[in-house]
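# Structural overview
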Amino acid sequence: MAGLNERNTGTPLSGNKTISVIVPCYNSEKYLENCFNCLDNSTYKNLEIIFVDDGSTDNTAEIIKRYASERNNVVYERVNHTGVAGARNKGLELAGGEYITFYDADDEITPNHFSNLKRALESNDADVSVCAFKRKHVKDKRNGKPCKVKIFTGNDCEERLLCQNTFDYCLWNKLYRAEIIKKNGLTFPVGARYGEDSYFNYFYFKNVKKAAFSTAPTYNYKKNEGSLVRESFKESRLDIFNNLKVVIDDAEKTGGAFTHSAHAARALFITEALYFILKFKYKNKAVTNKLVTLLKQDLKHLKKCKRVALYRRLLLPLVPAVAAMAFGKTGKRTEDKLPENFKD
């Protein structure tokens, strides 16, 4: 059995190139059986599966170690509870495959998920491959059937990522080349509780010359009842603006369309934050004032961003949120001070 912080060393992987699948876990015991089934049913077998246990207090460790004891391609590592960014960094450190992808234990994948991503990447000599996904579990009627693959090149790849046009900030619907990650020392911002994926993808896509997008939705993203967007507006959501500030500062060095797209990206997340502030009746005048100030800065750039899909995503949630705040209907007032993670 693979013990605590130990690698299960069995027969070396051979044949086709290895995909390292990084699975961060925290108190995930009720999802693991389904997670294992999805991985076992994969049509692509040359997988290195890396479970990083972020200090779980339930039976996650015992369940994973039992699963690992029966397989020669499973890595189990336990780390102190620092959050998903730290867990993913540990996974990157352990990954030995030519390709790297991420998988959340509470989601589902179709059997051809990894093979589709790999085929799209290799057949087009791309630096990253991306697949469509569903936001809830729906049987994929196209599973096993040919899918369309669209190719994007040059600066268009990064601009589309920033504006979330075709490419989004999610990690789990992408297949990355390990060489690009290691060569550029790419990691996740430690301590970030929200938006670490936007940070990582931005700096990865800076090195992308060609990206392949598969229209087959082979990843099922499942929102659980205890998820961040269902419970309340949490100030941890504001972490993303620290990550986006780094992105904007970097994009401004390049200038032009990158600067406009980076500011437009932040405008999108600001409007989403305002929407949740309204929905969950959170009120902290210092926070809303800062968000509105940043939004005013970003809207100047938005006019020069030509991605039509972004306008629709921005304007629709913005109207009711701003109207409610204008009339003071966002709920009971909290202490009007900026949280520590939103002061810079």
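These lines cover the structure that appears in this document, whether it is placed above or below. What you are looking at is a predicted structure, and each value in this text was computed from that prediction instead of being measured.

As a rule of thumb, nonpolar side chains are buried together in soluble globular proteins. One finds F167, Y204, F241 and L291 to be the most contacted residues of the largest nonpolar core, which totals 60 residues. A total of 10 residues in this core trace back to one element, the largest contributor, which is helix α10 (residues 257-279). Apart from residues no more than four positions distant in its own chain, Y204 is found in contact with D127, V128, Y176, R177, I180, I181 and L186. Ranked by size, the runner-up nonpolar core spans 35 residues in total, among them V23, L39, L47 and A61.

Moving on, we get to the environment of V52. You can see V52 is positioned in strand β3 (residues 47-53). Remark: the alpha-carbon pair of V52 and V84, spanning 32 residues in sequence, is separated by 9.3 Å. Leaving out residues up to four positions away in the same chain, V52 has contacts with V23, P24, C25, E77, V79, A87, K90 and G91.

What you see with strand β9 (residues 174-177) is no split at all: K174 and Y176 on one side and L175 and R177 on the other are buried throughout. In this sheet, β9 lies alongside strand β5 (residues 99-102) in antiparallel orientation, the contact comprising 2 bridges. Paired with Y99 across the strands is R177, a residue of β9. Relative to β9, strand β7 (residues 128-134) runs antiparallel, the two sharing 3 bridges. If you follow V128 over to β9, its bridge partner there is Y176.

Calculation rules
- Residues numbered from 1 in each chain as written.
- Predicted model: local features only at pLDDT ≥ 70, side-chain atom pairs only at ≥ 80, totals over all residues.
- Heavy atoms only, no water.
- Core = buried A, V, L, I, M, F, W, Y, C linked by side-chain atoms within 4.5 Å.
- Buried < 20%, exposed > 50% of the residue type's maximum accessible area, 1.4 Å probe, protein only.
- Helix = DSSP H or I, 4+ residues; strand = E, 2+ residues; numbered from the N terminus.
- Contact = heavy atoms within 4.5 Å.
- Pairing = 2+ DSSP bridges.

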